[in-house]
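Coordinate inspection notes
Here's the letter readout for the chains.
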Amino acid sequence: MEAIMSSDWIGLIIIGLGTLFLLGEILVNMRGVFAVLGIIFTVYYFYMFLTEPTTIVIMLIIYFVGLLLIFIDGKLINDGTLATLGLAGMILSVALTAPNFFAGLYAVIGVILGGALSFTFLKVFKRRNMWSKIALKDRLTKEAGYSSLNENYVQLVGKTGTTLTDLRPVGTIAIDGKDYSAISNAQWIKKGTVVQVTEVDGTRILVKEI
């Protein structure tokens, strides 16, 4: 048993499980069970390799701040920036804690694997409401944006403009001082030709020469 616990690869399993359960608690609603398991494995990893209490606390702070950044990114910002910084902090803390290069490498792999495998919990357990709200908000925002864009394009029907490039049959036209990508009805229209918008399908503008 002692030989196993002193192996370089043991950190992969311990911190891997810690990361798996901690990120799993963020993703799915397990009423704190995963959080407790994750904390136990994570604290044990740092306690196993470090002897100074102050150093243990510092590394734990770096690790959990990284986890907090991932949580904040997922709940508030949702662009991946803070999540990337958080993951980097988690990796840095486990790598610096390891007693040698290979143990650190195994620990880093454990964090990455644990983080990746935590998403499998979404297929088994109920996801937290915050992720559903984020997904719904993102979908509604995109739909609202598409709807607004589509309405602007529909207003172009019947307007005339000038081709800025040859339409072969796709090219660029200018209408009321704005540039648009347009397509002719299988016609080759030369640059500088006056055209009229005959149809709009989403953001697809169909024009004809007049």
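Residues numbered from 1 in each chain as written. Predicted model: local features only at pLDDT ≥ 70, side-chain atom pairs only at ≥ 80, totals over all residues. Heavy atoms only, no water.

Let us look at the packing of aromatic side chains. The final tally for this structure, using the stated rule, is twelve aromatic pairs. Centre to centre, the rings of Phe21 and Phe41 are 6.1 Å apart; their planes meet at 15°, and the pair counts as stacked. With Phe21 in helix H2 (residues 10–27) and Phe41 in helix H3 (residues 33–49), this residue pair connects regions lying 20 residues apart in the sequence. Residue Phe21 is classed as buried on the basis of its relative accessible area of 15%. Residue classification places Phe41 among the partly exposed residues on the basis of a relative accessible area of 25%. Ring plane angle 90° and centroid distance 5.6 Å describe the contact between Tyr153 and Tyr180, whose orientation is recorded as edge-to-face. (Phe/Tyr/Trp six-rings, centres within 6.5 Å; stacked < 30°, edge-to-face > 60°. Helix = DSSP H or I, 4+ residues; strand = E, 2+ residues; numbered from the N terminus. Buried < 20%, exposed > 50% of the residue type's maximum accessible area, 1.4 Å probe, protein only.)

As a further point, take the confidence of the model for the protein. Per-residue confidence for the protein gives a mean pLDDT of 86; residues scoring 70 or more make up 87%. In the model of the protein, helix H7 (residues 129–154) stands out as the element of lowest mean pLDDT, 57, in contrast to strand E1 (residues 160–163), which has the highest, 95. (pLDDT = per-residue confidence, 0-100.)

Looking now at the pairing of strand E3 (residues 178–184). The pairing of strand E2 (residues 170–175) with E3 spans six bridges and is antiparallel. Counterpart to Ile173 in the pairing with E3 is Tyr180. Across three bridges, E3 lies against strand E5 (residues 204–209) in parallel orientation. In the strand pairing of E5, Ile183 is matched with Leu206. (Pairing = 2+ DSSP bridges.)

That bond from Arg168 to Pro169 is cis: its omega, 0°, falls within 30 degrees of zero. Mapped onto the elements of the fold, Pro169 is located in the loop between E1 and E2. Unusually for a residue other than glycine, Arg31 sits at a positive phi of about 55°. Tracing the backbone shows Arg31 in the loop between H2 and H3. Residue Arg31 is classed as exposed on the basis of its relative accessible area of 77%. Although it is not a glycine, Asp176 adopts a positive phi angle of roughly 55°. Among the structural elements, Asp176 can be located in the loop between E2 and E3.

The nonpolar side chains of a soluble globular protein tend to be buried with one another. Among the nonpolar cores identified, the biggest contains 22 residues, and Ile15, Tyr45, Phe46, Tyr63, Leu67, Met90 and Val94 are the most heavily contacted of them. Of all the secondary-structure elements, those providing two or more residues to this core are H2, H3, helix H4 (53–77), helix H5 (81–97) and helix H6 (101–117). Contact partners of Tyr63, with chain neighbours within four places excluded, come to Ile15, Gly18, Thr19, Leu22, Thr42, Phe46, Met90, Ser93 and Val94. In terms of nonpolar packing, the next biggest core, distinct from the first, is built from 13 residues, Leu156, Ala182, Val197 and Val207 among them. (Core = buried A, V, L, I, M, F, W, Y, C linked by side-chain atoms within 4.5 Å. Contact = heavy atoms within 4.5 Å.)

What follows deals with a nonpolar patch on the surface. Together, Ile4, Trp9, Ile13, Phe101, Phe102, Leu105, Tyr106, Ile109, Leu113 and Leu117 make up a nonpolar patch on the protein surface, roughly 940 Å² of accessible area in all. Per-element tally for the nonpolar patch: the top contributor is H6, with seven residues. Tracing the chain through its elements places Tyr106 in helix H6. What makes Tyr106 partly exposed here is its relative accessible area of 33%. (Patch = residues over 30% accessible without salt bridge, like charges linked within 9 Å, V, L, I, M, F, W, Y side chains within 5 Å. Areas by Shrake-Rupley, 256 points an atom, 1.4 Å probe, with all protein chains shown as cover. Salt bridge = Lys/Arg side-chain N within 4 Å of Asp/Glu carboxyl O.)

Turning to its location among the elements, Thr19 is positioned in helix H2. Among the residues examined, Thr19 registers a relative accessible area of 1% and is labelled buried. Distance in space between the C-alpha atoms of Thr19 and Thr42 is 7.4 Å, their sequence separation being 23 residues. Apart from the residues lying within four places of it in its own chain, the contact partners of Thr19 are Gly24, Thr42, Tyr63, Met90, Val111, Gly114 and Gly115. From its side chain, Thr19 meets the backbone oxygen of Ile15 in a polar contact 2.9 Å long. (Polar contact = N/O pair within 3.5 Å; in protein donor to acceptor, adjacent residues only side chain to side chain.)

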